[in-house]
Amino acid sequence: MTLPANVHVVDHPLVQHKLTLMRKSTTSTASFRLLLKEISMLLAYEATRDMKLSDVEVQTPLAVTNKPMLEGKKVVLVAILRAGLGILDGMLELIPSARVGHVGLYRDPKTLMAVEYYYKVPQRLADREVIVCDPMLATGNSAIAAVARIKRSKPGSLKFVCLLACPEGIKNFTEHHPDVPIYTASVDDGLNDHGYILPGIGDAGDRLFGTK
Ligand code: URA
């Protein structure tokens, strides 16, 4: 698949190494959680590369100087429940002052469509950069629904960060939201009949929380 220009695959060796460890079915819940956190920090690093800076005056122990700091309002991180919490943890390590929103969506097992059961995001998203987090861009339906819901609040900008994507999810997502860049550690082969990414990592929520 030729990737659309706004799909960014973070192919840094550390990310790829950690992702391979996550794929192993023998990786423990604790290791899986830690690896997801570490990769999420590196994904956050890439996803925030274009954040705006402006110079401020600072007094060092030796001199007064003008140096760059982030400008504008705080970033908003929105986790798609529940597996998005795993990405949120890592991103908050890097952007500790970010505001946080949560979107609760479950996949209807028959239609694979996203059904919303919870929505709480910071008020007044205008002028804020919003980064939506979910480990798996599989069918894309949850990400599409979450982003559509957030767009109703007219955020300053929107990005989507995931651990793994697949061609079907990217196609579906970019058809609905061509204006929203995707940051991912890998574009895997495709989906199986149950909507799981192959070769993938299995069920991200179950592996993150040890529920299976
Ligand atoms: N959700 C998961 O947790 N894993 C997949 O492979 C696809 C969707």
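Scroll up a little and you will see the structure.
What you are looking at is a predicted structure, and each value in this text was computed from that prediction instead of being measured.

**Q** Can you help me understand the nonpolar core in this one?
**A** What tends to happen in soluble globular proteins is that the nonpolar side chains get buried as a cluster. Counting 35 residues, the largest nonpolar core has M22, I39, L77, M91, V161, L163 and I201 as the members making the most contacts within it. Of all the elements in the fold, those that place two or more residues in this core are α1 (13-23), α2 (29-47), β4 (76-81), α3 (84-94), β7 (129-133), β9 (157-165), β10 (182-187) and α6 (204-209). The leading source of residues in this core is α2, at seven residues. Sequence-distant contacts of M22, defined by excluding residues within four places in its chain, comprise F32, L35, L36, I39, L163, I201 and R207. Counting 25 residues, the second-largest nonpolar core is a separate cluster that includes Y119, V132, A143 and I150.

**Q** In this structure, what is going on with the pairing of strand β5 (residues 99-107)? I would like to understand it.
**A** Two faces belong to every sheet, and in a regular strand the side chains alternate between them. Sheet analysis places β4 next to β5, joined by six bridges and oriented parallel. What sits directly across from A79, in β5, is H102. When β5 meets strand β6 (residues 114-120), the two strands line up antiparallel, connected through six bridges. Paired with V103 across the bridge in β6 is Y119. In sequence, β5 turns back onto β6 through a hairpin of six residues, with L112 there showing a positive phi of about 60°.

**Q** Teacher, can you tell me more about α3 here?
**A** Because each turn of an α-helix spans 3.6 residues, side chains separated by three or four positions end up pointing in the same direction. Those residues of α3 not exposed but buried are G84, G86, I87, L88, G90 and M91. Considering only its buried residues, α3 is in contact with α2, β4, β5, β7, β9 and α6.

**Q** Would you mind going over the site of the ligand with me for this structure?
**A** Near the ligand you find R107, M136, A138, G195, Y196, I197, G202, D203 and A204, and these make up its full shell. I197 has a polar backbone atom sitting 2.8 Å from an oxygen atom of the ligand. Separating a nitrogen atom of the ligand from a backbone N or O atom of G202 is a distance of 2.8 Å. Look at the ligand: alone it shows 240 Å² of surface, and the protein chains cover 89% of it. A class-by-class count of the residues in the shell around the ligand yields five nonpolar, two polar and two charged.

**Q** Quick question: what am I supposed to make of the layout of surface pockets here?
**A** Empty pockets left among the atoms are what a rolling probe the size of a water molecule brings to light. Empty space within the largest pocket amounts to approximately 520 Å³. Lining of the largest pocket is provided by 26 residues; of these, A83, R107, D134, S142 and D203 occupy positions nearest its centre. Within the lining of the largest pocket, the residues separate by chemical class into 15 nonpolar, seven polar and four charged. For the second largest pocket, the calculated volume is near 230 Å³. Forming the boundary of the second largest pocket are 13 residues, of which M51, E71, G72, K73 and K74 lie nearest the centre.

**Q** How do you make sense of unusual backbone geometry when you look at a structure like this?
**A** Excluding glycine, a negative phi dihedral is what most residues carry, and trans is how most peptide bonds are arranged. Cis geometry marks the peptide bond from L81 to R82; its omega dihedral reads 0°. As for its placement among the helices and strands, R82 is situated in the loop between β4 and α3. Here the amide bond leading from L198 into P199 is cis, since omega sits at -5°, within 30 degrees of zero. With respect to the element layout, P199 can be found in the loop between β12 (197-198) and α6. The phi dihedral of D127 falls on the positive side, at around 75°, and the residue is not glycine. Secondary-structure assignment places D127 in the loop between β6 and β7. According to the relative accessible area criterion, D127 is exposed, its value standing at 58%.

About the thresholds
- Residues numbered from 1 in each chain as written.
- Predicted model: local features only at pLDDT ≥ 70, side-chain atom pairs only at ≥ 80, totals over all residues.
- Heavy atoms only, no water.
- Core = buried A, V, L, I, M, F, W, Y, C linked by side-chain atoms within 4.5 Å.
- Buried < 20%, exposed > 50% of the residue type's maximum accessible area, 1.4 Å probe, protein only.
- Helix = DSSP H or I, 4+ residues; strand = E, 2+ residues; numbered from the N terminus.
- Contact = heavy atoms within 4.5 Å.
- Pairing = 2+ DSSP bridges.
- Near = heavy atom within 4 Å.
- Polar contact = N/O pair within 3.5 Å; in protein donor to acceptor, adjacent residues only side chain to side chain.
- Areas by Shrake-Rupley, 256 points an atom, 1.4 Å probe, with all protein chains shown as cover.
- Nonpolar A, V, L, I, M, F, W, Y, C, P; charged D, E, K, R; others polar.
- 1 Å grid on protein atoms, 1.4 Å probe; cavity = no way out; pocket = protein on both sides within 12 Å on 5 of 7 lines; lining within 4 Å.
- Points joined across faces, edges and corners; volume = space filled by probe spheres on them.

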